[in-house]
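As a plain string of letters, each chain reads:
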Amino acid sequence: FKPLTRRRALSSSPAATPMALRIPREVEPKGKRNGRRLRVPLLVLVSVVAVAVSLDLAAFSRSGKAASAAATTAWVGKNMQPELVVEQSGGLRGMALGVLFALLMMGAVLAWGAIRKARELQRPYQLQDLIVGGIADPEADLTKIITFIQDQVIVPIDERLPGRPFEYDLHSFPFVPMVLVIGNHSSGKSTFINRLLGVSTQETGVAPTDDGFTVLERWQADSTEDGPTVFGCPGNRPFRELQRFGQAFSGHFRRKRKLLADNAIMPFGLQIVDTPGMIDLPLSGSVDGDNLSGHTARGRGYNFVDVVRWWAKRADLILLLFDPDKPGTTGETLEVLTKSLAGLDHKFLVVLNKVDQLDNSMDFARAYGTLGWALSKVIRRKDLPQIYTTYNAGFDARAGTHNKLPLDDFAKRREEVIAEVCRAKERHFDNVVTALEETLRQVWMTAMVLGAIRSKAAKRLILTWLVALALMAAPIGVLGWLLATGRLSLQGYTPVVTEVSHRLSWKAPTPTEAHSADLTNMGMLGVSLAYAGMMFAVTAGCREFLRQSRRLQKTTLDETFEEVYADYFIHNDGEDHRARWMNVKPKISSILSSIICASSLKPFPSWELVRIDACLTKDVWHLRQLARLLRLDANGEVRPPTRRAPDKDMNRASTMG
């Protein structure tokens, strides 16, 4: 029962951070720490010794009174009465047994308390209600807390799941805030990025120009790095995870760092990710089946949908650019929106670009309506996100007498989009905390649903094989009952015994006895074959029943989810849970497809779910406060003086969180 982690100090100077999230230092001696670690083993050892002594005393008390009286009389002298000595020795033995039993129970209680304490989340930090300010390095504190929660709460559950579905949902530090720009080809992505940087670094054109992902960042000098070099970047540790997408991806992945003018819009410490244009092509005859994801992966050499999903989860802002010529979402674009960007609506910024190419309001209304209709197929909400109508600066040559659209208003919209891009740095840590909270809730939901499926599968497996054993044992039981009640006699099978006796005595049986023995042997052989056939049929039927049940597990996932969360849907419709279920369901389906039986899954103890609940109600709330302090620092605002809320306020805030 070792501690989960050793307590270490996060800040080097406690005096500099009086109200900071401070980790207690290890100031107690090493011997005291070792003694605390050996407390539970010593309690177990004492309990074992107490049990042994109790058994020995009990055996001694069961010995004969005469022998005990004689031994006791010889010890105390002949003047005492043996009966009194026996009674006194019996009372002393009873008292000793009682004391040992009490010690045993106390040791068991202490051991159980130690076990429960070891199962609790042993935080190497203190949760304080920091209203505002007062922390010297909130980023280091936030990073330490998130890393601890991931290592101690999420990873142990994820490692027990086949395929580790949450392995790439975890954050690695440090990494630079980023903006992801995606859209159809020729939608103005590269032109917008060039305008943001103030230099023409990305190729532009009507036809597709980029064949890979490009990370652009403002730097002190110009440099270009290829994919394998970027994977080892110490300032962006998550880039190492991109190696899993293979050589086809890394060969077309690059990073460009640019020395920009002093008046450039692009700030330091922000990355812009330019993506290949999504091309809506029909499925060719060389692609097997109707799986568009497979077509996407084979067409580019890597799984484009999974790559976009990886970038989207770590991006602080996602720009979706469409142009009036292709405002719809079909083919690859539809798949990216439905799979890669599912559950990330809070990061969306939908932009209808190149509106200066439209001649009049009728064309604008048609393009705007088509885009809204296409997005409604993906974002299944009544309220669609705001659509920014813009055009790229420097390409408004058609803004003359023939254009009747309010281009000045569209230019203001473009400036709003640029302002949102520059504000992505402020949203970075808030997005990190939001991603951690969503991952915790998805792990909780996965454990709950898989636990219910595992329980059903185990019960079904046990019941099925119990029925099979009952069917196999039924003929034997019926035969035994007939023999016991005398309704069946073995007198007709005496020729077998006769044949055996003749063989042992070297005497030839009579023809009648031999014929009866042959008939009896044939009958017994037939019965044995019939019983073996019945056993085979029962076994095959049970296996087929279990196989069909495993197939139905994937088709009844929605029903299982409704059963598990039935209590949550009593007083509300649970739209938040249902929306999250759409992201968790594919992971559970993949897990069930990779195993033979759900009963082989490892169980999810309730104390692990209690840990997740504690993180959601306390730690996430505290991380929000740290992210707020970082946002104030990013805006250059002065923190107000720090004050610590009373304990009752802290408890109430933890409950509300």
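For the structure, check the block above.
What you see as residue numbers is a count from 1 along each chain, following the sequence as written. Whole-chain, interface and lining totals are the exception, using all residues; otherwise, since this is a predicted model, local features are given only for residues with pLDDT of at least 70 and side-chain atom pairs are given and counted only at 80 or more. Hydrogens and waters are ignored; side-chain quantities use all the structure's heavy atoms.

1. So, the overall build of the protein
Along the backbone of the protein there are 20 helices and eight strands. When each of the 657 residues of the protein is scored for burial, the buried share is 40%. Contacts are assigned to residue pairs with any non-hydrogen atoms lying within 4.5 Å of each other. Taking the intrachain contacts of the protein between residues at least 6 apart in sequence as the baseline, contacts between residues at least 24 apart amount to 81%. Going along the chain from the N terminus, every DSSP run of H or I of four or more residues is numbered as a helix, and every run of E of two or more is numbered as a strand. Remark: exposure states derive from per-residue accessible area (1.4 Å probe, protein chains only) relative to the maximum for the residue type, with buried under 20%, exposed over 50%, and partly exposed in between.

2. Side note on the nonpolar core
In this structure, Leu142, Ile149, Leu440, Ile588, Ile612 and Leu623 are the most contacted members of the largest nonpolar core, which totals 56 residues. Those elements that place two or more of their residues in this core are helix H5 (138-160), helix H14 (428-485), helix H17 (557-564), helix H18 (575-593) and helix H19 (606-635). Among the elements that make up this core, the one with the highest residue count is H14 (13 residues). Counting residues in hydrophobic clusters, the runner-up holds 46 residues, among them Phe249, Ala315, Val355 and Phe364. Take the buried Ala, Val, Leu, Ile, Met, Phe, Trp, Tyr and Cys residues and link them wherever side-chain atoms come within 4.5 Å; each set so joined is a nonpolar core.

3. A closer look at the pattern of salt bridges
Note on definitions: salt bridges are taken to be side-chain nitrogens of Lys or Arg within 4 Å of carboxyl oxygens of Asp or Glu. On inspection of all chains with the given rule, the structure shows 22 salt bridges. A salt bridge links Lys587 to Asp169; its shortest N-O distance comes to 2.9 Å. Residue Lys587 is located in helix H18, and its partner Asp169 is located in the loop between H5 and strand S1 (178-183); the two are separated by 418 residues in the primary sequence. The same class applies to Lys587 as to Asp169, namely buried. When the shortest N-O distance is used, the salt bridge between Glu438 and Arg580 registers 3.1 Å. Remark: Arg580 occurs in helix H18 and Glu438 occurs in helix H14; sequence separation between them is 142 residues. Glu438 sits in the partly exposed class, given a relative accessible area of 26%. Where salt bridges share partners, they join Asp169, Lys313 and Lys587 into one cluster.

4. Considerations on the sheet that holds strand S2 (residues 214-218)
Strand pairing is assigned whenever DSSP identifies at least 2 bridges connecting the two strands. Strand order across the open sheet formed by eight strands is S3-S4-S2-S5-S1-S6-S7-S8, with mixed pairing between neighbours. Of all the strands in the sheet, the pair left with one neighbour each is strand S3 (223-226) and strand S8 (387-389). Going from strand to strand, the sheet's axes swing by 20 degrees on average, the running direction of each strand aside. In this sheet, strand S4 (residues 254-258) lies alongside S2 in parallel orientation, the contact comprising five bridges. Within the sheet, the bridge partner assigned to Val215 lies in S4 and is Arg255. Whenever a helix is involved, its axis is fitted only over the stretch in contact; in every case the axis is a line through C-alpha atoms, and angles between N-to-C directions fall within 0 to 180 degrees. In the packing of helix H12 (residues 361-376) onto the sheet, contacts are made with strand S6 (317-322), strand S7 (348-352) and S8, and the angle to S8 comes to roughly 155 degrees.

5. Brief notes about the side chain of Asp274
Tracing the sequence through the fold places Asp274 in strand S5 (residues 271-274). The side chain of Asp274 is buried and forms no salt bridge, while Lys189, the nearest opposite charge, is found at 5.2 Å. Within polar-contact distance, the side chain of Asp274 engages the side chain of Ser190 at 3.2 Å. At a separation of 2.8 Å, a polar atom in the side chain of Asp274 contacts the side chain of Gln202. Charge convention: Lys and Arg are scored as positive, Asp and Glu as negative, and His as well as the terminal groups of each chain are ignored. Nitrogen and oxygen atoms within 3.5 Å of one another constitute a polar contact, given that in protein one can donate a hydrogen and the other can accept it, and given that sequence-neighbouring residues count only through two side-chain atoms.

6. Brief notes about the pairing of S4
Pairing of S3 with S4 involves four bridges; the strand directions are antiparallel. Residue pairing for S4: Ser223 is matched across the bridge by Arg257.

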